[in-house]
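Listed below, chain by chain, are the residues.
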Amino acid sequence: MSTKRFVRPLVFALLAVSTASVGFYLYLQRPAGLPAGIVYGNGRLEATEVDVASKIAGRLDAVLAREGDRVEAGAVVARLDAAELGAQVRAAEAQVEQARRALEQSQAGMRKSRADVALAGKTLQRSEELVGRGFISRNKLDTDQTGMAGATAGMAEAQGRVGAADAGVAAAVARLEALQATLADSELKAPISGRVLYRLAEPGEVLAAGGKALTLVDLGDMFMTVYLPTGEAGRVALGGEARIVLDALPQTPIPARVSFVAAKAQFTPREVETRGERDKLMFRVKVRADPAWLAAHADLAKAGMPGVAYLRLDADVAWPPALRIDGQ
């Protein structure tokens, strides 16, 4: 029997145990002077990453952003070669014009058919009056009645041609709009405002549908994930006030809020038999930095920076001086 089936679960188990041990050890190293109503956890500042990918397959004609560039949402950051699509759009535009002219012709035919029906109706009416007075033969009346029936049938046929031409215009316009949408998809636009983290493709490369050209990092959506023991995690409220202090910026606390508390414990021991084991259960908590602060300090905090997140469990507890922002 292959040993691979046993090695992988064993590696995962060892990693889980070691991570739990490190997290619990760091928790025990409580900073001096920290009030009892404030807890903390170690972590790294993270940011939301978004890939700029192509909806259609094609050859990259240009990549307009480089790693480190800041781009705004909606900005064109790359283009696919769209020469063939452009030709298809022009052909579709010609088809729309042709369909509209066919519709105009059928509408003109419809107007003529209505005039024919009106004339046939008046002729038939006069014939009926003259036959009633005995001025013309019955044969003339029969001929005019046949003419009225033919004119009516011609108008119905003309109405059918107008309907078909109208549907032809709608189909041509729909095809044109579909091609125009596909042509628009040849321009890859930034879905968010952020900074280019990775440039994944270069001009001349062929991308499949869903192929990635760039990866952006959202500098306005940064957070830190920490782990807290059961007794503290149970008192953390969503939206609760927090602070993030980065190792590189120890004198600059970042205002933050609790945005996520895990519904189940992480690193759970196989058997929880004692209170000591229960105290080792750790819950994942996410603390999100204030977007307004990030916007005002766009080049200060960077994803990947290690630091500490402080969470206030009791709103009546004042922040220590080192964690206050604008005197609060």
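Residues numbered from 1 in each chain as written. Predicted model: local features only at pLDDT ≥ 70, side-chain atom pairs only at ≥ 80, totals over all residues. Heavy atoms only, no water.

## Here's the deal with the overall build of the protein
Next, step 1: If you tally the helices and strands in the protein, you get six helices and 12 strands.
Next, step 2: Relative to its 328 residues, the protein shows a buried fraction of 34%.
Next, step 3: Once local pairs closer than 6 in sequence are excluded, the contacts in the protein between residues at least 24 apart make up 76%.
Next, step 4: Within the structure as shown, the protein displays about 19200 Å² of accessible surface, and the carbon and sulfur contribution to it stands at 54%. (Helix = DSSP H or I, 4+ residues; strand = E, 2+ residues; numbered from the N terminus. Buried < 20%, exposed > 50% of the residue type's maximum accessible area, 1.4 Å probe, protein only. Contact = heavy atoms within 4.5 Å. Areas by Shrake-Rupley, 256 points an atom, 1.4 Å probe, with all protein chains shown as cover.)

## Brief notes about the packing of aromatic side chains
Next, step 1: For the structure on display, the rule yields one aromatic pair.
Next, step 2: Its guanidinium or amino end placed over the ring of phenylalanine 223, lysine 286 lies 4.5 Å from that ring's centre, counting from NZ or CZ. (Phe/Tyr/Trp six-rings, centres within 6.5 Å; stacked < 30°, edge-to-face > 60°. Lys NZ or Arg CZ within 6 Å of the ring centre and 35° of its normal.)

## Topic: the pairing of strand β11 (residues 282-289)
Next, step 1: β11 sits mainly inside the fold: six of its eight residues count as buried.
Next, step 2: Both strand β8 (residues 212-229) and β11 contribute to a ladder of seven bridges, which runs antiparallel. Looking at β11, one finds that valine 226 is bridged to valine 285.
Next, step 3: Sheet topology places strand β10 (residues 254-261) next to β11; five bridges connect them, and they run antiparallel. Its bridge partner being in β11, alanine 256 is matched across the sheet by alanine 289. (Pairing = 2+ DSSP bridges.)

## Structural notes on the confidence of the model for the protein
Next, step 1: On average, residues of the protein carry a pLDDT of 84, and 85% of them reach 70 or more.
Next, step 2: Within the protein, helix α1 (residues 4-28) has the poorest average pLDDT of any element, 43, and strand β4 (residues 76-80) the best, 96. (pLDDT = per-residue confidence, 0-100.)

## As for the nonpolar core
Next, step 1: Counting residues in hydrophobic clusters, the biggest one holds 31 residues, and the most contacted among them are Ile244, Leu246 and Leu311.
Next, step 2: Elements that contribute at least two residues to this core include exactly β1 (38-53), β8, β9 (241-246), β10, β11, α6 (291-296) and β12 (306-312).
Next, step 3: It is β8 that provides the largest number of residues to this core, a total of six residues.
Next, step 4: Filtering out sequence-adjacent residues up to four positions away, leucine 246 remains in contact with Leu45, Met224, Ile254, Ala301, Met305, Pro306 and Gly307. (Core = buried A, V, L, I, M, F, W, Y, C linked by side-chain atoms within 4.5 Å.)

## Comments concerning the sheet that holds strand β7 (residues 206-207)
The pairing of strands in a sheet comes from backbone hydrogen bonds and takes either a parallel or an antiparallel form.
Next, step 1: With antiparallel pairing, the four strands of this open sheet are ordered in space as β5-β4-β2-β7. Only two strands of the sheet have a single partner each, and these edge strands are β5 (187-189) and β7.
Next, step 2: In the sheet, β4 pairs with β5 via three bridges, with the strands oriented antiparallel. Along β5, the bridge assignment pairs valine 76 with lysine 189.

## Observations regarding the environment of arginine 199
Next, step 1: Tracing the backbone shows arginine 199 in strand β6 (residues 194-199).
Next, step 2: Each C-alpha atom of the pair arginine 199 and alanine 65 lies 7.9 Å from the other, and the pair is 134 residues apart in sequence.
Next, step 3: The contact partners of arginine 199, leaving out residues within four places of it in the chain, are Val63, Ala65, Arg66, Glu67, Ala213 and Leu214.
Next, step 4: Of the polar contacts made by the side chain of arginine 199, one reaches the side chain of glutamate 202; its length is 2.6 Å. (Polar contact = N/O pair within 3.5 Å; in protein donor to acceptor, adjacent residues only side chain to side chain.)

## A word on the pattern of salt bridges
Next, step 1: All told, the structure shown has 11 salt bridges when counted by the stated rule.
Next, step 2: A salt bridge links arginine 161 to glutamate 157, with the nearest nitrogen and oxygen atoms 3.2 Å apart. Within this pair, arginine 161 and its partner glutamate 157 are both found in helix α3 (residues 138-185), separated by four residues, close to a single helical turn.
Next, step 3: What you see here is one network of salt bridges that share partners, running through Glu241, Arg243 and Arg312. (Salt bridge = Lys/Arg side-chain N within 4 Å of Asp/Glu carboxyl O.)

## Some thoughts on the side chain of serine 127
Next, step 1: Its place among the elements puts serine 127 in helix α2 (residues 83-133).
Next, step 2: According to the relative accessible area criterion, serine 127 is buried, its value standing at 4%.
Next, step 3: Aside from chain neighbours lying at most four places away, what touches serine 127 is Ile136, Lys140, Leu141 and Asp144.

## A look at the environment of leucine 179
Next, step 1: Inspection of the secondary structure puts leucine 179 in helix α3.
Next, step 2: For leucine 179 and glutamine 88, which are 91 residues apart along the polypeptide, the C-alpha to C-alpha distance reads 7.2 Å.
Next, step 3: When residues no more than four places from it in sequence are discounted, the contact partners of leucine 179 are Gln88, Val89 and Ala92.

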